[in-house]
Amino acid sequence: MNILITGAPGSGKGTMSRRIMDTFGITHISSGDLFRQYIKEDTEIGALARHYIDQGLLVPDDVTIEIVKERILCFNEDQGILLDGFPRTSIQAHAFYEIEKKINRPIDVVINLVVDKELLIRRITGRRMCPECSTIYNIYLNPPRVPGVCDNEGRTLFQRPDDTLDALSVRLNQYDIHTEPMLEYYRKRGIVKDIDGSLGVEPVWKEIKELLEKIDGNPRD
Ligand code: AMP
């Protein structure tokens, strides 16, 4: 089973991806994580990506396609793939069509998490992370016991530079401009499933799990 998960920043893609991976044993490929890895390793691509990411802009298509393609082509396990955050533009979707053919792994379903903008803003601008254990908090929705401090590690929490209101406004705008047309491409293939991502984690997960069990033909406990 090959899945693409998409949604605006703050729609819950990351949380749902982890659950899909754990439940269905699918390999997770996240373009955002790949970029963060390149940035951490201080590579040339990392420096280029950071320039765009910190402003909330999309990294140029040619660079993005190349790094995701490299990751997908070196993948030869017999499990499915969960693509998270890629393709994000029509150009990437067309490029991925060629990759799909090459690896003979057509996308079965595109899960589109739909959340209204006000909630996205609270989710993203309130998000804080522990530099040690990467636990994610939200100062409005899920605050730590002591403001600004990780419950587990006692370290000072930080905010991702692209989670500020300024960067988020750009990211939401980029989403409308680039990602909506990308979705249209998959709607024409009849494989997009819109899911209300504003419900809590459990109801959203229940819907996704039931959908994937139908496709996979294998109910999970
Ligand atoms: P994410 O973790 O998916 O929210 O991605 C974080 C940032 O990485 C995005 O705001 C973009 O700047 C960049 N990025 C991730 N995936 C893509 C993509 N498919 N195309 C272009 N830029 C991307």
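The rules behind the values
- Residues numbered from 1 in each chain as written.
- Predicted model: local features only at pLDDT ≥ 70, side-chain atom pairs only at ≥ 80, totals over all residues.
- Heavy atoms only, no water.
- Buried < 20%, exposed > 50% of the residue type's maximum accessible area, 1.4 Å probe, protein only.
- Helix = DSSP H or I, 4+ residues; strand = E, 2+ residues; numbered from the N terminus.
- Contact = heavy atoms within 4.5 Å.
- Polar contact = N/O pair within 3.5 Å; in protein donor to acceptor, adjacent residues only side chain to side chain.
- Patch = residues over 30% accessible without salt bridge, like charges linked within 9 Å, V, L, I, M, F, W, Y side chains within 5 Å.
- Areas by Shrake-Rupley, 256 points an atom, 1.4 Å probe, with all protein chains shown as cover.
- Salt bridge = Lys/Arg side-chain N within 4 Å of Asp/Glu carboxyl O.
- Core = buried A, V, L, I, M, F, W, Y, C linked by side-chain atoms within 4.5 Å.
- Expected span 1.5 Å × (residues − 1).
- 1 Å grid on protein atoms, 1.4 Å probe; cavity = no way out; pocket = protein on both sides within 12 Å on 5 of 7 lines; lining within 4 Å.
- Points joined across faces, edges and corners; volume = space filled by probe spheres on them.
- Nonpolar A, V, L, I, M, F, W, Y, C, P; charged D, E, K, R; others polar.
- Near = heavy atom within 4 Å.
- Disulfide = S-S within 2.5 Å.

Enquirer: Account for helix α6 (residues 117-125), with residues named and values stated.
Expert: Where α6 is concerned, the buried positions are L120, R123, I124 and T125. Tucked inside the fold, the buried residues of α6 contact β5 (127-129), β6 (136-138) and α7 (165-188). Between the side-chain oxygen of the N-cap and the backbone nitrogen of E118 there are 3.0 Å, and the N-cap of α6 in question is D116.

Enquirer: Break down a nonpolar patch on the surface for me, citing the residues and quoting the values.
Expert: There is a patch of nonpolar side chains on the surface, built from I139, Y140 and L141 and spanning about 290 Å² of accessible area. Mapped onto the elements, L141 comes out in the loop between β6 and α7.

Enquirer: Lay out the nonpolar core in plain terms, naming residues and giving numbers.
Expert: Grouped together as the largest cluster of nonpolar side chains are 36 residues, with contacts concentrated most on I72, L83, F96, V110 and Y186. Elements that contribute at least two residues to this core include exactly α2 (31-40), α3 (44-53), α4 (61-73), β3 (81-84), α5 (90-103), α6 and α7. Examining the composition of this core, we find that seven residues originate from one element, α7, more than from any other. For F96, the contacting residues outside a window of four places in its chain are I72, L83, F86, P87, I107 and Y186.

Enquirer: Now, about α4: what can you tell me, with residues and values included?
Expert: Over its 13 residues, α4 runs 18 Å from end to end, which matches the ideal 18 Å to within 8%, given 1.5 Å per residue. At its buried positions, α4 is contacted by β2 (27-30), α2, α3, β3 and α5.

Enquirer: Let's hear about empty space enclosed by the protein: which residues, and what values?
Expert: It is a probe the size of a water molecule, rolled over the atoms, that shows where empty space is left. In this structure the tally under the stated criterion is two cavities of 30 Å³ or more. There is about 40 Å³ of room inside the largest cavity. For the largest cavity, the full set of lining residues is T6, G7, A8, P9, K13, G85, R88, Y175 and T179. Breaking the lining of the largest cavity down by element, the ones donating at least two residues are β1 (3-7) and α7. Partitioned by chemical class, the residues of the lining of the largest cavity number three nonpolar, four polar and two charged. Here the second largest cavity is characterised by a volume of approximately 30 Å³. Looking at side-chain class alone, the lining of the second largest cavity contains two nonpolar, one polar and four charged residues.

Enquirer: Quick rundown of the environment of A167? Include the residues and the values.
Expert: Within the secondary structure, A167 sits in helix α7. Between the C-alpha atoms of A167 and L57, which are 110 residues apart in sequence, the distance is 8.1 Å. Apart from residues lying up to four places away in sequence, A167 is in contact with D54, Q55, G56, P161 and D162.

Enquirer: Could you give me a rundown of the site of the ligand, with the residues and numbers involved?
Expert: In the vicinity of the ligand, 15 residues are found, and the nearest of them are S31, R36, L57, G85 and Q92. In this structure, an oxygen atom belonging to the ligand sits 2.7 Å away from a main-chain N or O atom of L57. For the ligand, a nitrogen atom lies 2.9 Å from a polar atom in the backbone of G85. Contact with the protein chains hides 95% of the accessible area of the ligand, taken as 480 Å² for the molecule alone. Examining the composition of the shell around the ligand, we find that four residues originate from one element, α2, more than from any other. Each residue belonging to the shell around the ligand can be placed in one class, and the counts come to six nonpolar, five polar and four charged.

Enquirer: Before we move on, could you go through the state of the cysteines and cite the residues and values that matter?
Expert: Within this structure, the stated rule accounts for zero disulfides. Just so you know, C130 is unpaired, no disulfide at all, and the nearest cysteine sulfur is the one on C150, 3.6 Å from it.

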